[in-house]
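Given next are the chains, with one letter for each unit.
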Amino acid sequence: MQDAGSTHPLPIEVTSFVGRRAERQQIRALLNDARLVTLTGFGGVGKTRLALRVAADLRRAFPDGVAFVSLATQNDPELVAQSIATALGLQGRSTVAVTSALVEYLSTRTILVVLDNCEHLVDAAAVLCDTLLRTCPGLRLLATSREPLRIQGEAVHPLAPLSIPGREDSGSSLLEFEAVSLFLDRARSVVPDFELDNDTRGPVAGIVSQLEGIPLAIELAAGRLRAMSPAELQRDLTERWDLLNRGSRAAPDRQRTMKACIEWSFDLCTPEEQDQWGNLAVFADGFEIDAARFVCPDVDVDDVLQSLVEKSIVIAETHRGRTRFRMLPPIRFRGLSHLADTGVLEDVRRRQRDWVVDFTGRAKQAWLGPEQVMYIHRLRLEMGNYPAALEFSLTDPGGLDAGLQMGADLLEFGLADGLFREGRLWFDRLLERQHEDNAARALGLRTACWWAAMQGDLTRAAELLEEGRGIAERLGGHVQVLLTQTSAYLAMFTGDLDGSAQLFDAAIAGLERYDDRAQLAHSYALSALNHTFRGDPEAALAAHERCRKLTEPVGESWYLSYSLWIAGLAHWTKGDLAAAEDAEKESLRLKRGTEDRLGIAVSLEALAWMCVETDAARAARLLGAASSQFERIQTSTSALPGLDVLHRACVDRAQAILGADGYASLHDDGAAIPPLASIDLALAESAPAQPHVVRARARSGPRSAGPAKTGLTKRELEIAGLVARGLSNMDIATSLVISKRTAETHVEHILIKLGFNNRNQIAAWVTDGAAH
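## Observations concerning the overall build of the protein
Part 1 of the reasoning: Scanning the protein for helices and strands turns up 38 helices and 7 strands.
Part 2 of the reasoning: Evaluated residue by residue, the protein yields a buried proportion of 55% over its 772 residues.
Part 3 of the reasoning: At a minimum sequence separation of 6, the contacts of the protein that also span at least 24 residues come to 71%.
Part 4 of the reasoning: Total accessible area on the protein stands at roughly 33,200 Å², and carbon and sulfur atoms take up 49% of it.

## A short note on the sheet that holds strand E2 (residues 66-70)
Part 1 of the reasoning: The strand order across the open sheet built from 5 strands is E2-E3-E4-E1-E5, with neighbouring strands paired in parallel fashion. Strands at the two margins of the open sheet, each flanked by one partner only, are E2 and strand E5 (154-158). Strand-to-strand twist across the sheet, computed as the mean angle between neighbouring axes with direction ignored, equals 15 degrees.
Part 2 of the reasoning: Pairing geometry for strand E1 (residues 36-40) and strand E4 (residues 139-145), over 5 bridges, is parallel. If you follow Val37 over to E4, its bridge partner there is Leu142.
Part 3 of the reasoning: Packing against the sheet, helix H5 (residues 122-135) makes contact with E1, strand E3 (111-116) and E4, and its axis sits at approximately 165 degrees to E4.

## A look at the environment of Arg24
Part 1 of the reasoning: Residue position: Arg24 is located in helix H1 (residues 21-33).
Part 2 of the reasoning: Residue classification places Arg24 among the buried positions, given a relative accessible area of 17%.
Part 3 of the reasoning: Sequence separation between Arg24 and Ala51 is 27 residues; the distance between their C-alpha atoms is 8.6 Å.
Part 4 of the reasoning: If near-sequence neighbours (up to four positions away) are discounted, Arg24 is found in contact with Phe17, Gly19, Leu50, Arg53, Val54 and Asp57.

## Regarding the pairing of strand E7 (residues 322-326)
Part 1 of the reasoning: In terms of strand pairing, strand E6 (residues 315-319) meets E7 through 5 bridges, oriented antiparallel. From the neighbouring strand, Ile315 faces E7, where its bridge partner is Arg326.
Part 2 of the reasoning: Counted along the chain from E6 to the antiparallel partner E7, the turn is 2 residues long, and its residue Arg320 has a positive phi close to 50 degrees.

## A word on the nonpolar core
Part 1 of the reasoning: Counting residues in each nonpolar core, the largest one holds 199 residues, and the members touching the most others are Leu142 and Phe183.
Part 2 of the reasoning: Non-local contacts of Leu142, meaning those with residues more than four positions away in its chain, are made with Ile27, Leu31, Val37, Leu39, Ala51, Val54, Leu112, Val113, Val114 and Leu115.
Part 3 of the reasoning: Of all hydrophobic cores here, the second largest spans 33 residues; its members include Leu36, Leu71, Val122 and Leu133.

## Side note on the pattern of salt bridges
Part 1 of the reasoning: As enumerated under the stated definition, the model contains 44 salt bridges in all.
Part 2 of the reasoning: Two residues, Glu382 and Arg378, come together in a salt bridge whose shortest N-O distance is 3.0 Å. Of this pair, Glu382 and Arg378 are both found in helix H16 (residues 372-382), 4 residues apart, which corresponds to roughly one turn of the helix. Assigned by exposure class, Glu382 and Arg378 land together as buried.
Part 3 of the reasoning: Of the charged contacts in the structure, one is a salt bridge between Glu467 and Arg441, with a shortest N-O distance of 2.7 Å. Of the two residues, Glu467 is situated in helix H22 (residues 458-475) and Arg441 in helix H21 (residues 439-454); the sequence distance between them amounts to 26 residues.
Part 4 of the reasoning: According to the relative accessible area criterion, Arg441 is buried, its value standing at 7%.
Part 5 of the reasoning: Residues joined in a network through salt bridges with shared partners are Glu288, Asp290, Arg322, Arg324, Asp358, Arg362, Arg378 and Glu382.

## Digging into the packing of aromatic side chains
Part 1 of the reasoning: Under the definition given, this model contains 15 aromatic pairs.
Part 2 of the reasoning: Plain terms: the ring middles of Phe183 and Phe194 are 6.2 Å apart, the flat faces sit at 65 degrees to each other, and that makes the pair edge-to-face. Linking Phe183 in helix H6 (residues 178-190) with Phe194 in the loop between H6 and helix H7 (201-210), this pair joins segments that are 11 residues apart in sequence. Accessibility classification places Phe183 together with Phe194 in one group, the buried group.
Part 3 of the reasoning: Pairwise contacts between aromatic rings join Phe283, Phe287, Phe325, Trp355, Phe359 and Tyr375 into one cluster.

## Structural notes on the pairing of E2
Walk down a regular strand and you will see the side chains alternate between the two sheet faces.
Part 1 of the reasoning: With 4 of 5 residues buried, E2 is to be regarded as a mostly interior element.
Part 2 of the reasoning: In this structure, E2 lies alongside E3, joined through 5 bridges in parallel fashion. Note on E3: the bridge partner recorded for Phe68 is Val114.

## Notes on unusual backbone geometry
Part 1 of the reasoning: Here the phi dihedral of Arg20 falls at roughly 65 degrees; this positive angle occurs in a residue that is not glycine.
Part 2 of the reasoning: Tracing the backbone shows Arg20 in the segment before H1.
Part 3 of the reasoning: Not every positive phi belongs to a glycine, and Arg320 is a case in point at roughly 50 degrees.
Part 4 of the reasoning: By the element assignment, Arg320 lies in the loop between E6 and E7.

## Points about helix H32 (residues 660-671)
Part 1 of the reasoning: Taking 1.5 Å per residue, 12 residues should reach 16 Å; H32 reaches 16 Å between its end C-alpha atoms and fits that length.
Part 2 of the reasoning: All buried positions along H32 are accounted for by Gly662, Tyr663, Ser665, Leu666, His667, Asp669 and Gly670.

## Brief notes about the side chain of Arg140
Part 1 of the reasoning: Note that Arg140 resides in strand E4.
Part 2 of the reasoning: Buried charge without a partner: Arg140 forms no salt bridge, and the closest opposite charge is Asp33, 7.6 Å away.
Part 3 of the reasoning: Among the polar contacts made by the side chain of Arg140, one reaches the main-chain carbonyl oxygen of Leu31 at a distance of 3.0 Å.
Part 4 of the reasoning: Setting aside chain neighbours within four positions, we find Arg140 in contact with Leu31, Asn32, Ala34, Arg35, Phe62, Ile111, Leu112 and Val113.

## Points about the packing of helix H20 (residues 420-433) against H21
Part 1 of the reasoning: Interhelical geometry of H20 versus H21 gives an angle of 145 degrees and a closest axis separation of 10 Å. In this structure, H20 crosses over H21, and the sense of that crossing is left-handed. Taken together, the residues of H21 that come into contact with H20 (itself represented by Phe420, Gly423, Arg424, Phe427 and Leu431) are Arg441, Gly444, Leu445, Thr447, Ala448, Trp451, Ala452 and Met454.

## What to know about a negative patch on the surface
Part 1 of the reasoning: A cluster of acidic residues, Glu272, Asp275, Asp300 and Asp303, forms a negative patch on the protein surface.
Part 2 of the reasoning: As for its placement among the helices and strands, Asp300 is situated in the loop between helix H12 (289-295) and helix H13 (301-310).
Part 3 of the reasoning: Taking the relative accessible area as the measure of exposure, Asp300 reaches 46% and is therefore partly exposed.

## Points about the confidence of the model for the protein
Part 1 of the reasoning: For the protein, the mean per-residue pLDDT works out to 86, and 89% of the residues sit at or above 70.
Part 2 of the reasoning: Here residues 1-6 scores under 50 on pLDDT; set against residues more than four positions off or in separate chains, the count is 15 contacts.
Part 3 of the reasoning: In this model residues 247-251 is a low-confidence stretch, pLDDT under 50, and it forms 6 contacts with partners more than four residues away in sequence or in other chains.

## Some words on helix H18 (residues 400-408)
Part 1 of the reasoning: Where burial is concerned, most of H18 is hidden: 7 out of the 9 residues are buried.
Part 2 of the reasoning: Listed as buried for H18 are Leu400, Ala402, Gly403, Leu404, Met406, Gly407 and Ala408.
Part 3 of the reasoning: Tucked into the core, H18 has its buried residues touching helix H15 (345-365), helix H17 (386-395), helix H19 (411-417), H20 and H21.

About the criteria used
Counting from 1, residues in each chain are numbered in the order their sequence is written. Confidence filtering applies because this is a predicted model: local features only for residues at pLDDT of at least 70, side-chain atom pairs given and counted only at 80 or more, and all residues used for totals across whole chains, interfaces and linings. The side-chain numbers reported here are obtained from all heavy atoms of the structure, hydrogens and water having been left aside. To qualify as a helix, a DSSP run of H or I must reach at least 4 residues; to qualify as a strand, a run of E must reach at least 2; elements of each kind are numbered from the N terminus. Burial here depends on accessible area, computed with a 1.4 Å probe over protein chains only, as a share of the maximum for the residue type. Under 20% is buried, over 50% is exposed, and the range in between is partly exposed. Contact definition: two residues touch when any of their heavy atoms are within 4.5 Å. The accessible surface values rely on the Shrake-Rupley method and a 1.4 Å probe; as for residues, cover is taken only from the protein chains in view. One requirement defines pairing of two strands: DSSP has to find at least two bridges between them. Axis lines are fitted to C-alpha atoms, over the contacting stretch for helices. Their N-to-C directions set the angle, which ranges from 0 to 180 degrees. By nonpolar core is meant a set of buried Ala, Val, Leu, Ile, Met, Phe, Trp, Tyr and Cys residues that side-chain atoms within 4.5 Å join together. Here, a salt bridge means any Lys or Arg side-chain nitrogen found within 4 Å of an Asp or Glu carboxyl oxygen. Only centres within 6.5 Å qualify two rings of Phe, Tyr or Trp (six-membered ring in Trp) as a pair; their planes then separate them into stacked at under 30 degrees, edge-to-face at over 60, and tilted for everything else. A helix is expected to reach a length of 1.5 Å times the quantity of its residues less one. Only four residue types enter the charge count: Lys and Arg as positive, Asp and Glu as negative, with His and the chain ends excluded. Two N or O atoms count as a polar contact when they lie within 3.5 Å, although within protein this holds only if one can serve as hydrogen donor and the other as acceptor, and sequence-adjacent residues are included solely when both atoms are side-chain atoms. It is the rotation of the near helix from the far one that decides the hand of a crossing: anticlockwise by less than a right angle makes it left-handed, clockwise makes it right-handed. By definition, no residue in a patch forms a salt bridge, and every one has over 30% relative accessible area; like charges are joined within 9 Å, nonpolar side chains (Val, Leu, Ile, Met, Phe, Trp, Tyr) within 5 Å. Here the site of a charge means atom NZ of a Lys, CZ of an Arg, CG of an Asp or CD of a Glu. pLDDT is defined as a per-residue confidence score from the predictor, taking values between 0 and 100.

As C-alpha cells, then:
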C-alpha cells in the first residue's frame, strides 16, 4: 500500500484483510472530526491491521501522504520522537532537536501519521502527540494502544473482537460472521481445499466462538490445521488457549503467541493493578461493580478497575442499562495464576463464594417487590459464577451450609429458568457431604424436592421431602411451615388433591403467623392451581385474588403471572372463554418482562387448549412454541398429571382436525419461534372459526370455490398468491422462512380446501380474483 504522491510508504499486507467494514467507516468519520483517534483493545484484536487499512483508505485525503510509525521494538521513551522522524525520512536532515524538527516539518503539511503500539511508551507518546497537535494544524494522528493516550481532543475507539456465531447459527449463515470468514481465509492458506461442510461447520463455529473472535487467536488456531482436523482442534482447545503457542517468527516476541501478548500486558500493569487483575479473575463469567468491591475490600477498586478497562485487560459492556465487566479466558487464567503465585488464591475464592451467597440472599429478599425483574435478569448473568462458588463450598471447611443456603435461596429462580438438572446435581453433592440436621440442610432439601418434582422424579422428591420434614419437625418454627408448604406441593404432583388442599391451608396459616408475604403469595397461587384440578374454580379464583392483593400493590411480577395463568384455567373451567384468554394474555405480558421459560410455556399451552376448537392451526403452533420452551428447561406437562391430561386432549383434537402431517408441520413451525416472539403469537387475536377441510371436489373451473367457502387461513391465502407467481415449494419456504415440508403441507391443504387437483388451478383462481 503506497500513495504515488507520498514518500512515506505503508507496510505491504502479506495476508488478506477480512471484515471490519463498519469499523473502517466509523474511524474515518472520527478522523474527520478529531485530530487524534486512538484504537484501543487487547493484544491480538487487530488494531494495527485496521489502522493500516484505514490509512490506506484515506491516502487520497492527505496531499502530503500517510506515514506509519511502529513503536513495537522501541523501548526508550526518549526516542519516540526520533522514531517518528525516521519514519518521515528526517534523520540527518536537521541540526535542531528532534521534536523541533518534527514541528518544523509537519506544521506546513496535511498528513496522517499512524503511531502504532504506544502502550509501553504511553506517557512519552502522549506528551509528544499533544505538542504536535497544538503546533501542526494539518496533522492527523491515528494511534493504536492497549490504553488511551488521555490527552485533550483524543477520540477513543475501543476495538471489539470479530463477530462470532451464536449457538443457533449454523449452515450458510456462518459466513456472515467475520470470525468465521477470517478462519476460513487463513485455513485455506495452510489447507488450500478447506471448505465449510457438514463435518466442519460445527467445529469451526465452536472454535471461533471459544476464541471470542480475537483475530490473532483465530489465525494461530487456523495454523494448527496443518496437523489437526477442526474437530480435533475444537476438542483440544482449552480455556487457556494453550494450543496457540506457534506464531509468525517475523512478529515481535510479544505478538507471536497469545501467552506472550498476555505477559506483555501483565508487565505493563502496576503491582496494584496486577493484584486486582488476579482478584477479579475469580469471576468466571463477568461481574458488576458491587461484586468487584466485595472481593477487593482493601483498595479503591473503582479507580483500579477503570485503569484495567483502559489497558484492555477488562472489557466493559452494558446489559439492560447496567455496566458489566469481563475478562477473556486466557487473561482470567493469568490473573488466577498470579493469585496462586502470591499465595492468596484460596482467600479470594472464599470472598467470591461469600459474595455469591450474599447476592443470592439479596435477590431472595427482594423477590416480592419492584426489583424482582432486575434480579431475575441479573441472576441469569451471574449463573456462570455459581459453579465456582459451589465448588469452593464443597472443599472449604464450614462452607457446606453456605452452599446449601445459596441453592435454597434459588428456589423460585430455578423454577423460572429451569435449573432442575444442574441444580439437583449440585444439591446431591452438597447433601452427600453435609450431615448436620440444621436449617440449611432442611431448606436445601426443600428446594431439591421442588426441582425433582418438576422433572417428574416423584420418588426422589418424596425421599427428599421425608428427610426435610424430619429435620423441620425437630427445628419447628418457620422452617417447619415451609416444609408443610412443600408437602402440599408434592401432594398435588402425586394426585392427592384433597390432601394437598388441607396442607396448603395449614401452610398458609403458618406463613401468615410469620408474615412471610412472599411465600404466602406463592402458596395462594399454588393453592389456586390445586383447586382448579379439584374442579372448584370458584375457590381457585378466590385464592388468585388473595395472591393478586399481595403482589400487585408492590410491583411483583413472577407470582402474579403464575396466578393469572391459573385464573385463566379456572375461568376456562367455568366456560368463560373471554375471561380465560384475558387472564392468560395478562400473564404473558408479565412474562415478557421476566422471560420466565416455564411460565411462558404453560401460558402458551393454556391458550392452545382454549383455541383448539376454533383455530386448530394456531393451537398447533402454540403447542410447538410451548414444547420448545419445555425442552430448554428439561421438563414438560407430564410432570403434573392435571396438566398432562389437558395437553394430551388438545394434541388429539388438533391432530383430528388437521391430520397428523398437518399438525406436525404447524407444530414444527411453532417450535422454531423464539420465546419472546412466541408471546407475540399468543397475544395476537385468534382467527375466527373456519371449516378446516372442504372435501367436495369442484364441479367446474377455478371459480368453483370462493373465500367465504374455502376456509383458507391468512397464511394459506398468502401462499396461494406465491403459487400464482410461479414460486416452487422451496422458493415459498425461503420467502416465508418456513421449512419446505411446511410449505408442501400448506399447498396440499389449499388444494383440498379449494377442491383443486394442481397448482395451475390455484394460480388461475388467484388471478381470477377469487382470493380477494
